[in-house]
Amino acid sequence: MGQKKDLTGSEKSKIVRYLAEGCSSLKIAKLLKRDHRTIKRFIQNSQQGRRKRVEKPRRKITAHELRKVKRAAAKMPLATSLAIFQSCNITGVPKSTRCAILRDMAKVRKAERRPPLNKTHKLKRQDWAKKYLETGFSKVLWTDEMRVSLDGPDGWARGWIGKGQRAPVRLRRQQGGGGVLVWAGIIKDELVRPFRVEDGVKLNSQSYCQFLEDTFFKQWYRKKSASFKKNMIFMQDNAPSHASKYSTAWLARKGIKEEKLMTWPPCSPDLNPIENLWSIIKCEIYKEGKQYTSLNSVWEAVVAAARNVDGEQIKTLTESMDGRLLSVLAKTGGYIGR
């Protein structure tokens, strides 16, 4: 008789019945054709009564201590509940109580990944907001790149699972699987493609300009009217391949120069509305913990998600610029909520 892992519910019921009839554990093992050790272990575990939980007296929190905790939580972002209570000299409070108290006045959040803003950055952001405060943003083409991976950002594979259900298995890759670099633009209520950067190409000044020539200029810009080209303002961030002398001179030869090329403040992804478009697309392609097995499949998902973004959504993003500029000025150059 081989030793099996677990007893079934039917076998457990039979063991209880056999015990009531006075059978020994050895005889029960022979009747059920199970290992004797398995039967003995079940009987021993069944005979051990559950230990009664000893209720510890709970520490009562005064109103004065609650105010101290609230001030400490505001001063110590991302601190643990224990650290917050210890800073207030409040001891003897169990973790469950600490968390229940903090839930009424705070939320568990992750640190936001943003470039740090120094005084110079804030001044340049304010100057930029003042310069473009009266600009008609319907004529601005907002552009940016986005990299999408096969597995999506960390932590996106979490969600509610019903009781009794098993969590779906996620693929694990030794080398990450790579990703696809995507470029797109939005203007007024229109989405300019997206375009895919050729796999393995690192965007330096030369390759960036060649990419724009083969995609944006040949497939979209050249089809526009002369009046459109005259009024359009081209926006790009300060990535090295964008802001280099080579790229600036190349764009100037294309007619995008001076006031037609928007200056961009440093460390300002929150001011670019296309960042919100990337969020919409990523939420769609990675929903329910979706993973991909090839770069072509994730690219097809990006194209499909972009196709489902309607003009009203894009218009909402581009028309948000007036509010963003006012928020920058109100926060003296600080980051704004997107």
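For the structure, see preceding data.
All figures in this text were calculated on a predicted structure; none of them were measured in a lab.

J.: Lay out the overall build of the protein chain in plain terms, naming residues and giving numbers.
T.: The helix and strand inventory of the protein chain stands at 15 helices and four strands. Per-residue burial for the protein chain yields a buried fraction of 37% across its 338 residues.

J.: Tell me what's going on with the pattern of salt bridges, and back it up with residues and numbers.
T.: Evaluation of the coordinates by the stated rule reveals seven salt bridges. The partner of E190 in a salt bridge is K224, and the shortest N-O contact between them spans 3.4 Å. One end of the pair, E190, is in strand β3 (residues 190-196); the other, K224, is in the loop between α8 (205-219) and α9 (226-231), with 34 residues separating them in the sequence. In this structure E190 comes out as partly exposed when scored by relative accessible area, which is 28%.

J.: Residue-level account of helix α7 (residues 119-131), with values.
T.: For α7, with 13 residues, the first-to-last C-alpha span of 18 Å sits near the 18 Å given by 1.5 Å per residue. Every buried residue belonging to α7 is among H121, R125, Q126, W128 and A129, and all of these are buried. Buried residues of α7, viewed axially, fall in a sector of 160°; they line one side. With respect to the buried face of α7, the exposed residues turned more than 90 degrees away are K119 and K130. Contacts from the buried residues of α7 go to α15 (321-330). Structurally, the start of α7 carries an N-cap: the backbone nitrogen of T120 is 3.1 Å from a side-chain oxygen of N118.

J.: I'd like a rundown of the packing of α7 against α15, residues and numbers included.
T.: The interhelical angle for the contact between α7 and α15, taken along N-to-C directions, is 140°, at an axis separation of 9 Å. Relative to α15, the element α7 is oriented oblique. As α7 runs across α15, the sense of the crossing is left-handed. Judged by residue contacts, R125, Q126, W128, A129 and K130 of α7 engage M321, L325, V328 and L329 from α15. Here the residues of the contact of α7 with α15 sort into six nonpolar, one polar and two charged.

Conventions and cut-offs
Residues numbered from 1 in each chain as written. Predicted model: local features only at pLDDT ≥ 70, side-chain atom pairs only at ≥ 80, totals over all residues. Heavy atoms only, no water. Helix = DSSP H or I, 4+ residues; strand = E, 2+ residues; numbered from the N terminus. Buried < 20%, exposed > 50% of the residue type's maximum accessible area, 1.4 Å probe, protein only. Salt bridge = Lys/Arg side-chain N within 4 Å of Asp/Glu carboxyl O. Expected span 1.5 Å × (residues − 1). Arc of directions from axis to C-beta. Contact = heavy atoms within 4.5 Å. Polar contact = N/O pair within 3.5 Å; in protein donor to acceptor, adjacent residues only side chain to side chain. Axes fitted to C-alpha atoms, helices over the stretch in contact; angles between N-to-C directions. Parallel < 35°, antiparallel > 145°, perpendicular 65-115°, else oblique. Left-handed = near helix turned anticlockwise from the far one by under 90°. Nonpolar A, V, L, I, M, F, W, Y, C, P; charged D, E, K, R; others polar.

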